[in-house]
Amino acid sequence: MAVVIEDDDDIREVVHAVLEASGLEVYAAGNGIDGVDAVRRHNPDVITLDLGLPDIDGIEVTRRVREFSDAYIIMLTARAREVDTLQGLSVGADDFVTKPFRPRELLARVETLLRRPRGSKLLSGSAGSTTAELPPAQALNSPTAPTTVISGAEPSGLEHNGLFLDVATRTTRVDNEEVQLTRTEFDLLQALMEAGRVVRSTTGLARWLHAREYENGGYVSESEERAIQVHIANLRRKLGDSAQSPRWVETVRGVGYRLAAKTSEN
């Protein structure tokens, strides 16, 4: 199910038709207040959201929606409003598409979010690589990888320095206190925890989020890289982590991110 929040009649009709043709049940709203209400009533899997709404803007809509919904949010924004786009990501949006856009581009982004793998499907790369292109098994077999927590016959989660990620229930706890993450934040954290001390490049994470994990030479825009940086900043803020003295997410300057070293206390 999808909710389209867009004040332009023509764009709203196009987005509605594209999503409906893909098999989704679609509800539409022409302003922010009605859009928030539609999300509350219909509990969609994905929301397309225009930033320039006539009553409350897309930033405020995202804030309100994130109080009760973890639906994927794709912002539709003019290229000249990149600052607004980054602000939208900072308050909980998952992705963005710049206007003007082709309907197939929007549909591809929606389909990517809805089928995004819950395990971290890392980029294929050359043997011996120390960056994100290593497959998950190589990272998880490393002595510096996070502890795999076993429940019954199958692993149910990952633990590192007091941070516990339950993959089955998609819940996160820090020192036994639950932390609310968006779906994208959870997926990025899982990718980093599965990789252990193996570095995940910023471009690799961007490709992975957009299902371009096998396109090693595929173009990743500066905006997409900045979006990853914003998601990581949000993740750190919610976990109470520090970029200067990381407990969980360590920046490898000029490359990307990896899991911080195991502390002696944990």
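Structure report, in brief.

Take the overall build of the protein next. Each helix and strand counted, the protein has 9 helices and 13 strands in total. Per-residue burial for the protein yields a buried fraction of 51% across its 266 residues. When contacts within the protein are restricted to residue pairs at least 6 apart in sequence, long-range pairs at least 24 apart make up 60% of them. Here the protein has roughly 12,200 Å² of accessible surface; of this, 48% comes from carbon and sulfur atoms.

Strand order in this open sheet of 3 strands is 11-13-12, and the pairing throughout is antiparallel. Looking along the sheet, the strands with just one partner apiece sit at the ends: strand 11 (200-201) and strand 12 (249-252). Where strand 11 meets strand 13 (residues 256-259), 2 bridges bridge the pair, whose relative direction is antiparallel. Bridge pairing links R200 to Y257 in strand 13. Along the sheet, helix 7 (residues 183-195) contacts strand 11, strand 12 and strand 13; its crossing angle with strand 13, the most-contacted strand, is approximately 65 degrees.

This part takes up the packing of helix 1 (residues 9-21) against helix 5 (residues 103-114). The contact between helix 1 and helix 5 brings their axes to 10 Å, and the two run at 55 degrees. The orientation of helix 1 with respect to helix 5, classified from their angle, is oblique. Taken as a pair, helix 1 and helix 5 cross one another with a handedness that is right-handed. Taking contact as the criterion, the partners of V14, V15, V18 and L19 in helix 1 are, on helix 5, P103, L106, L107 and V110. Of the residues assigned to the contact of helix 1 with helix 5, the class counts are 8 nonpolar, no polar and no charged.

Turning our eyes to something else, we now look at the pattern of salt bridges. Enumeration over the complete set of coordinates arrives at 16 salt bridges. Here D9 ties to R12 by a salt bridge, and the two come within 2.7 Å at their closest N and O atoms. Of the two residues, D9 and R12 both sit in helix 1, 3 residues apart, roughly one turn of that helix. Of the charged contacts in the structure, one is a salt bridge between R109 and D95, with a shortest N-O distance of 3.0 Å. Here the residue R109 occupies a position in helix 5, and D95 occupies one in strand 5 (residues 95-99), the gap between them amounting to 14 residues. For R109, a relative accessible area of 14% puts it in the buried group. Given a relative accessible area of 5%, D95 falls into the buried group.

At a minimum axis separation of 10 Å, helix 7 and helix 9 (residues 222-239) run at an interaxial angle of 90 degrees. Taken together, the axis directions place helix 7 and helix 9 in an arrangement best described as roughly perpendicular. Facing T184, E185, L188, L189 and L192 of helix 7, the residues of helix 9 in contact are I228, H231, I232, N234, L235, K238 and L239.

Take F68: it is sitting in the loop between helix 3 (58-65) and strand 4 (72-78). Note: C-alpha distance between F68 and N43 (25 residues apart in sequence) is 9.4 Å. The residues touching F68, leaving out its near neighbours within four places in the chain, are V36, V39 and R40.

Moving on: the nonpolar core. By size, the foremost hydrophobic cluster in this structure holds 25 residues, and its most contacted members are L163, L189, M193, I228, L239, V249 and Y257. Contributions of two or more residues to this core are made by strand 8 (163-166), helix 7, helix 8 (202-209), helix 9 and strand 13. Tallying contributions element by element places helix 7 first for this core, with 6 residues. Those residues within four positions of I228 in sequence are excluded, and the remaining contacts are L188, T202, L205, A206, L209 and Y257. Membership of the second largest hydrophobic core comes to 22 residues, among which are V36, I59, V61 and F96.

Ordered by their spatial adjacency, 5 strands build an open sheet running 2-1-3-4-5, and the pairing between neighbours is parallel. Bordering the open sheet on either side are strand 2 (26-29) and strand 5, each of which pairs with just one other strand. Within this sheet the neighbouring strands show an average axis-to-axis angle of 20 degrees, counted without direction. Helix 2 (residues 32-42) contacts strand 1 (2-5), strand 2 and strand 3 (46-50) of the sheet and is inclined by roughly 175 degrees relative to strand 1. The strands touched by helix 3 are strand 1, strand 3 and strand 4; relative to strand 3, the strand with the most contacts, the crossing angle is about 155 degrees.

Tracing the backbone shows G162 in the loop between strand 7 (154-160) and strand 8. The class for G162 is buried, based on a relative accessible area of 16%. With 14 residues separating them in the primary sequence, G162 and N176 have C-alpha atoms 7.9 Å apart.

The rules we used
- Residues numbered from 1 in each chain as written.
- Predicted model: local features only at pLDDT ≥ 70, side-chain atom pairs only at ≥ 80, totals over all residues.
- Heavy atoms only, no water.
- Helix = DSSP H or I, 4+ residues; strand = E, 2+ residues; numbered from the N terminus.
- Buried < 20%, exposed > 50% of the residue type's maximum accessible area, 1.4 Å probe, protein only.
- Contact = heavy atoms within 4.5 Å.
- Areas by Shrake-Rupley, 256 points an atom, 1.4 Å probe, with all protein chains shown as cover.
- Pairing = 2+ DSSP bridges.
- Axes fitted to C-alpha atoms, helices over the stretch in contact; angles between N-to-C directions.
- Parallel < 35°, antiparallel > 145°, perpendicular 65-115°, else oblique.
- Left-handed = near helix turned anticlockwise from the far one by under 90°.
- Nonpolar A, V, L, I, M, F, W, Y, C, P; charged D, E, K, R; others polar.
- Salt bridge = Lys/Arg side-chain N within 4 Å of Asp/Glu carboxyl O.
- Core = buried A, V, L, I, M, F, W, Y, C linked by side-chain atoms within 4.5 Å.

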